[in-house]
Amino acid sequence: MAFYILRRLLQAIPVLLGATFLIYFMVFAMPGNPALALFGERTPNPAVLAQVEARYHLDQPFIVQYLYYLGNVFRLDFGTSFSGQPIGETLLRTFPVTARLAALAILFEMIIGLAVGLWSGLRKGGVFDSVTLVISLVLISVPIFVLCFLGQFFLGYKLGWFRSTVSAGAPIQDLILPALILAFSLVAFNIRLTRSSVIETAGNDFVRTAYSKGLRRSRVIPVHILRNSLIPVTTNLGADFGILLVGATVTEGIFNVPGVGNTLYKAIVIGERPTVVSFVTVMVLLYLVVNILIDLLYAVLDPRIRYVK
Amino acid sequence: MNAAAASTADAPLLQVRNLHVGFRTQNGVVKALNGVDLTLHEGETVAIVGESGSGKSTTAAAIINLLPGSGQITEGEVLFQGRDLAKASPRELEDIRGRLIGYVPQDPMSNLNPVWSIGFQVEETIRANGLATGKKEVRAKAIEVLEQAGLADADQRLRQFPHQFSGGMRQRVLIGIGLAASPRLLIADEPTSALDVTVQRRILDHLATLTEDAGTAVIFITHDLGLAAERAKKLIVMYKGKIVESGPSVEILQNPQHPYTQRLIAAAPSLASRRIAFSGQELGSIEHVAANESDKVDLITAAERRVENLDAKPSESVIVVDHLTKNFKIRQGGFRSTEFTAVDDVSFSIAKGTTMALVGESGSGKSTVAKLLLKLEDATSGTITINGTDVASLKGRALLNLRSRMQPVFQDPYGTLDPLHNIGNTIAEPLKTHGVGTRNERRDRVFELLDQVSLPRVIAGRYPNELSGGQRQRVAIARALALKPEIVILDEAVSALDVLVQAQILRLLADLQGELGLTYLFITHDLAVVRVIADNVCVMQRGRIVEAATTDEVFDNPKQAYTRELLDAIPGAGIQMGV
Amino acid sequence: MSSDQKAPTVLSPDHYVAALDESPISGVDVVSLDEKPSNLYIDAWRDLRRRPMFWISSALIIFVIFVALFPGVFTNTPPNDECFLSNSLGAPTAGHPLGFTKQGCDIYSRILHGTSTSLSVGLIVIALSSITGIIMGAFAGFYGGWVDTVLSRIGDIFFSIPYILAAIVVMSVLSEHRNVWVISLAIGAFTWPSTARVLRSEILRVKNADFVTAATAIGLSRFRILVRHVLPNSIAPVIVVTTLSLAAAIVAEATLSFLGVGLPSTFMSWGNDISTAQVDIRTAPQTLIYPSLALTITVLSFILLGEALRDALDPKARALR
């Protein structure tokens, strides 16, 4: 197990360096003066421009520039936004809100996904299964922002069940609707995955053997079928998290949730590039860390991985 | 009706009457069992024998009502201690399974849940059947069960997971689970088919001791007639969902009545090697209803023909292998790696037109030797000389030339042919690669080859998935022969086939050898087959050749203890065929 | 042999023999063929032909392609040039079946003319990501060793950045050069690793098959084995993934346009229209709902096609149904 963790962490290093390098490259190796590009459509005065150039070490060789940038990333030093606020501080302030929203969304997703997936997998080909299939396919096809508007319009405005925007401080009850919508954007795939792994597991020899031992159905289903199906579902959580990050940006923007995604959304809309790049960098790092954690969780769930030498 | 009348006064333990089982598919119900009857008394052991698709495993599954997928009992009854299991409620079945009827499945690799420890899986059986309560008691019972099943250090191994166990050990765990509740009946569905012969023998001996001591009745399912007769006094032969013959084992072997049984006995290599030992005694009326010429397969006749062919040949070595060694690097925990010697200082030579068998259990290095010969792997040291040329340095044209003189046939009939190429193209591919002939000439050669392996010519336009395993192996043989090689390397080429098909292919190989003067290297784990096909034998164990001699010497006068163990483990070796 | 049959010995009473006419035996391993040849792709086609899902999705896709190529067949109203503020958020009228946007443009016409944008982005993205993914995946899987290590790590790096986030960065930086090609490149540059991964794992499975070893023993070169035997046997899941990525790419373009880093507002794009309409969601939901519907239906048709293909091409998926 220790070796597995060590190996996984070592593998993450080149990916981490590569990913940050790639982002840096995209921003600073593009045509035109990168310092100028930072200001978008506005034209800065020469003094500010020189300041920016010095700040990003644009007078240094490319690789040195990258190393400076990397150092800044790890100190959460991303410079300041147009309004003069340190980007790192904004990040720290907004992060807990997004974490709460994401946790809530994943919780909803897992509960709905596992329950519905298990039920349709056990009754493959039945009415419930067929209806679920149709709903999942439609759900997969609806882009997240459409889903947000539908939720906002029907559940928030027409039915009045939820507030259609989130109030200051982002209390948990206001987060339920955006979290549900985020969950729904992910859940269809989760249902299908759970369903197919339940069917696959149920067809395994060891399930038959479990019955032959005299075990009751009520024990075989959770202990031998659902437990094993968790492995592929968990593995997929990593990819889900990537979609969740993008989804959070859109959802937080539309529902005005004061989180990381909303800040990114606003920065994109007003073309504030330093903030956009910093936030994307942080999200990518977060994505990498979450994926490492999920790989470790995977090892906990699957002893075959855990004991691989 | 089965004529097995009650031999004791008391009622039978299990009585299956007119059992019909069907599987629902898109094209309607496919019948798997067509009226099976069987009676089993307390403490009795009966063996069900048949080829794949005969319905033997379906019978076993139907008894405990655990038919896979869409399987359903459509007619008949399964009376166990007077209760009809075909109509029992799920609850009743759950109570009977494990407690009264134990089950040992076929494949030890797939029948334990990989995510739970061995201890967990034994303990849940104990709890479900109420054999013990309380954490400590259950644990103690689990250790007892595993120790009884022959797992020496059970208490230390409870926390380990299935993948940390060898196949034999897992099978012992499954036997322990099956017998945990001391059931009245044990159903063992090919319990050792996936294991090496020596392991198989030890485990079956152990199983027999356990069930005899406890007076457990056993239904033993196997594809191996020799094994069945050795392990059970009573034999049931199944064919296409029906029982064709049943009765006392020895009597059936000595005096088979149904033509199918006769065929099966004639084709079983394990029995054939016994019969050769008893001076080729012939079976009475084997041919009386054989459908056509190619079905009349008697391995003894095939073996005799081979000996005749051999006598007429000069002995000139085609293949000389000298001090061949192959090391593999294996990653160990951490970043270290150790060397593993798969082939260790192996030397042998094969004379032109003869068959040399390389025999060994899994992991003995026999298949690595094949890969080295075919130059699919490079040797660490030692030399391989084919027709006087050292193959180590061959490249380009010369290597291509070598390839045309030496061709392989592999084990898995389902992997040996590219599923997307039709049979004609598959057989023609070697010709095309070597630039032999025009399009039309190649087509004619394909037809000629199909004739040689007794396949209809229309097959050329068809794809592998339309063929059976045996037919695919024929195509693989045709492809191997396309370039008119001198040497064919047969790597477990008949191991995955049913006995009758196996016998058919063995005969085809013998015929082709006589006709074309081929030299065979025949790699197998099955010593019984060796007797009917090989002239010389090398026995491999852990990368080394431990014994090399002519086939007759190895069988009649084995020098090494390991060879003797292998010989004793041939199923059916203990049966006295009527002398 | 049959001439000197032994005298029938006495059988024990429990020796049962089935009557021959009740259990006729057939020849061993007799060749029996269906009427038509079959292999994976022939079977898949036969399977597809029977699926309504395949026909519905194909019909929809052909329709979408037709609209993208010839929007003028369905409307005479230009999407941009005949906008009158007097029609702002107006209800449907004759010739304008879906009403008007805030600028007073015809919604119906804008949807029809937006189709080609979505479709071209989708197609360019999958062309880019399939070509890159197939090359990278095939070489990594087939040649293994250090080739695999290097290519797979490169793939991991690109895979580690969620493609929409990556596209957001690229499009923010290239704000002056936003067009269909740039946005497709921005998305495609980060979607190829999933194709590569799928193909690589398929190839790892296929390359150990005996027919590959047999081809080596025949003397085929490594590259020819890859092209003739390994790739055709491992490409099926890539076809499925590609269809599904096309749907994902269309969504990605719409999302980027919605966020404001996609195509400039001069381009007809459903994402742009949805973005503009969001402020009027309560008063004029139709301005938002119709382009959303068009987007969803287009995406759905590719998803359905992908599902049908998966069921037909993957025998394992068929068993799950």
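The name an unreviewed UniProt entry gives chain C is ABC transporter permease, with Naasia lichenicola as the organism. According to its UniProt record, chain C has this under Sequence similarities (unreviewed entry): "Belongs to the binding-protein-dependent transport system permease family." Chain C has a UniProt comment under Subcellular location (unreviewed entry) that states "Cell membrane".

Under an unreviewed UniProt entry, the name given to chain A is ABC transporter permease, and the source organism is Naasia lichenicola. What UniProt records for chain A under Subcellular location (unreviewed entry) is the sentence "Cell membrane". Under the UniProt heading Sequence similarities (unreviewed entry), the note attached to chain A is "Belongs to the binding-protein-dependent transport system permease family."

**Thoughts on unusual backbone geometry**
Residues and elements named next belong to chain B. Positive phi is not limited to glycine here, since Asn18 has a value of about 45°. The residue Asn18 is located in strand 1 (residues 14-25) in this model. By relative accessible area, which is 33% here, Asn18 ends up partly exposed. In this model, Lys240 sits at a positive phi of 50°, which is unusual for a non-glycine residue. Structurally, the position occupied by Lys240 is in the loop between strand 9 (234-239) and strand 10 (242-248).

**Overview of the interface of chain C and chain B**
Contacts between chain C and chain B engage 49 residues on the former and 66 residues on the latter. Counting the surface lost from both chain C and chain B, the interface buries some 5000 Å², and carbon and sulfur atoms represent 57% of this. At the junction of chain C and chain B, the tally comes to one salt bridge. Measuring nitrogen to oxygen at the nearest pair gives 3.2 Å for the salt bridge that ties Arg228 of chain C to Glu429 of chain B. Across the contact surface, chain C and chain B share 20 residue pairs in polar contact (both at pLDDT 80 or more). Broken down by secondary-structure element, the contributors of at least two residues to the side of chain C that touches chain B are strand 1 (16-17), helix 1 (40-49), helix 7 (210-218) and helix 8 (222-234) of chain C. With seven residues, the single largest contributor to the side of chain C that touches chain B is helix 7 of chain C.

**Brief notes about the sheet that holds strand 9 of chain B**
Pairing within the open sheet is mixed, and its seven strands lie in the order 6(B)-7(B)-8(B)-3(B)-9(B)-10(B)-1(C). Sheet topology places strand 6 (101-104) of chain B together with strand 1 of chain C at the edges, where each strand pairs with a single neighbour. Note that strand 10 of chain B and strand 1 of chain C share two bridges and pair antiparallel. When the bridges of strand 1 of chain C are listed, Glu245 of chain B appears paired with Val17 of chain C. Where helix 6 (residues 167-179) of chain B meets the sheet, it contacts strand 6 and strand 7 (185-189) of chain B, and its direction lies at approximately 170° from that of strand 6 of chain B.

**A short note on the sheet that holds strand 1 of chain B**
Residues and elements named next belong to chain B. Ordered in space as 2-1-4-5, the four strands form an open sheet in which the pairing is antiparallel. Of all the strands in the sheet, the pair left with one neighbour each is strand 2 (28-40) and strand 5 (83-84). The pairing of strand 1 with strand 4 (residues 71-80) spans eight bridges and is classified as antiparallel. Bridge assignment links Leu14 to a residue of strand 4, and that residue is Phe80. The strands touched by helix 1 (residues 56-63) within the sheet are strand 1, strand 2 and strand 4, with strand 1 carrying the most contacts at an inclination of about 110°.

**Structural notes on the confidence of the model for chain A**
Here chain A shows a mean pLDDT of 84. Residues at 70 or above account for 91%. Least confident of the elements in chain A is helix 2 (residues 34-37) of chain A, whose mean pLDDT is 58; most confident is helix 9 (residues 205-212) of chain A, at 94.

**Structural notes on the pattern of salt bridges**
For the structure on display, the rule yields 42 salt bridges over all chains. In this structure, the salt-bridge partner of Glu466 of chain B is Arg462 of chain B, at a minimum N-O distance of 2.7 Å. Take Glu466 of chain B and Arg462 of chain B: they sit in the same class, and that class is buried. Sharing partners across several salt bridges, the network here consists of Arg216 of chain A together with Arg91, Glu94 and Asp95 of chain B.

**Structural notes on the interface of chain A and chain B**
Note: interface size is frequently given as the accessible area lost on complex formation between the parts. Contact residues are listed per partner, giving 26 residues for chain A and 34 residues for chain B. Both sides of the chain A and chain B interface together cover about 2700 Å² of buried area, and 57% of this is carbon and sulfur. Three residues stand out in chain A for area buried against chain B, namely Arg208, Lys213 and Arg216 of chain A, and they jointly supply 25% of the buried area on that side. For the pair chain A and chain B, the interface holds four salt bridges. Two residues, Asp95 of chain B and Arg216 of chain A, come together in a salt bridge whose shortest N-O distance is 3.1 Å. Linking chain A with chain B are 17 residue pairs in polar contact (both at pLDDT 80 or more). Elements with a contribution of two residues or more to the side of chain A that touches chain B: helix 1 (2-28), helix 9, helix 10 (217-255) and helix 13 (303-306) of chain A. It is helix 10 of chain A that provides the largest number of residues to the side of chain A that touches chain B, a total of seven residues.

**A look at helix 18 (residues 499-516) of chain B**
Residues and elements named next belong to chain B. Look at helix 18: 25 Å from first C-alpha to last across 18 residues, which is about the 26 Å you get at 1.5 Å a residue. By the criterion of burial, helix 18 is predominantly enclosed, with 13 of the 18 residues buried. Count one or two residues on from helix 18 and you reach Gly517, which has phi positive near 65°.

**Some points on the UniProt feature "domain: ABC transmembrane type-1" (unreviewed entry) in chain C**
Those residues carrying the UniProt feature "domain: ABC transmembrane type-1" (unreviewed entry) are residues 115-306 of chain C in this numbering. Annotated as residues 115-306 of chain C, this span is 82% helix and 0% strand, and its ends, taken at the C-alpha atoms, are 20 Å apart.

**Side note on the pairing of strand 9 of chain B**
Residues and elements named next belong to chain B. Here strand 9 lies mainly inside the structure; six of its six residues are buried. Of the two faces of strand 9, both are covered, the one formed by Lys234, Ile236 and Met238 as well as the one formed by Leu235, Val237 and Tyr239. Here strand 3 (residues 45-49) pairs with strand 9 via four bridges, running parallel. Its bridge partner lying in strand 9, Val46 is registered against Lys234. Pairing of strand 9 with strand 10, which is carried by six bridges, proceeds in the antiparallel orientation. Within the sheet, the bridge partner assigned to Val237 lies in strand 10 and is Glu245. Here strand 9 folds back onto strand 10 in antiparallel fashion, the turn holding two residues, of which Lys240 has a positive phi close to 50°.

Cut-offs and rules
Residues numbered from 1 in each chain as written. Chains lettered and ligands numbered in written order. Predicted model: local features only at pLDDT ≥ 70, side-chain atom pairs only at ≥ 80, totals over all residues. Heavy atoms only, no water. UniProt positions renumbered as here; feature names shortened; annotations may be inferred. Helix = DSSP H or I, 4+ residues; strand = E, 2+ residues; numbered from the N terminus. Buried < 20%, exposed > 50% of the residue type's maximum accessible area, 1.4 Å probe, protein only. Contact = heavy atoms within 4.5 Å. Buried area = accessible area lost by both parts, 1.4 Å probe. Salt bridge = Lys/Arg side-chain N within 4 Å of Asp/Glu carboxyl O. Polar contact = N/O pair within 3.5 Å; in protein donor to acceptor, adjacent residues only side chain to side chain. Pairing = 2+ DSSP bridges. Axes fitted to C-alpha atoms, helices over the stretch in contact; angles between N-to-C directions. pLDDT = per-residue confidence, 0-100. Expected span 1.5 Å × (residues − 1).

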